[in-house]
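So the chains spell out like this:
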Amino acid sequence: MADKIKFRHLGDLPPMTISSGSMLVFKTGGWRSVRPIVDAEKCTACMICWKFCPEVCITPGEPPVIDLDYCKGCGICAEECPTGAITLIEEDK
């Protein structure tokens, strides 16, 4: 069994990022340049988009609902969608 690292003082801890708040408080979708649109006709509700979304902003359903307050427009959902039901459109300025 490996030895555990023990810190005697708070100053012994390595530098680390401290969270400035929860994404539930700070909406993160404001800097998005493209947004995903779900075509309900093509969607089979396979939920692959939900599985791969790094921001966890897709709610399962038929079709799934994308919370644009938190979606950063990365496009992973559109790339992974096997039926091409999700497309990216340019964000309104």
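Above this text is the structure in question.
Quick look at the structure, then. Keep in mind the model is a prediction, meaning the values are calculated, not measured.

Excluding glycine, residues mostly carry a negative phi; peptide bonds, for their part, are mostly trans. Cis geometry marks the peptide bond from E62 to P63, where omega comes out at -5°. Structurally, the position occupied by P63 is in the loop between β2 (58-59) and β3 (65-66). Of note in the backbone geometry, A45 takes a positive phi value of approximately 55° without being a glycine. Judged by relative accessible area, which is 24%, A45 ranks as partly exposed. Located in the positive-phi region is V56, a residue other than glycine, with phi close to 50°. As for its position among the elements, V56 is in the loop between α1 (48-52) and β2.

Glancing now at the side chain of E91. The residue E91 is located in the segment after β4 (86-90) in this model. In this structure E91 comes out as buried when scored by relative accessible area, which is 16%. A polar atom in the side chain of E91 sits 2.7 Å from the side chain of R32.

Residues C49, C57, I58, I66, C77 and I86 are the most contacted members of the largest nonpolar core, which totals 13 residues. Setting aside anything within four residues of it in sequence, one finds I66 in contact with P36, V38, C57, I58 and C71.

Cut-offs applied
Residues numbered from 1 in each chain as written. Predicted model: local features only at pLDDT ≥ 70, side-chain atom pairs only at ≥ 80, totals over all residues. Heavy atoms only, no water. Helix = DSSP H or I, 4+ residues; strand = E, 2+ residues; numbered from the N terminus. Buried < 20%, exposed > 50% of the residue type's maximum accessible area, 1.4 Å probe, protein only. Polar contact = N/O pair within 3.5 Å; in protein donor to acceptor, adjacent residues only side chain to side chain. Core = buried A, V, L, I, M, F, W, Y, C linked by side-chain atoms within 4.5 Å. Contact = heavy atoms within 4.5 Å.

It is worth stressing that arrangement in space is one thing and function is another; only the former is reported here.
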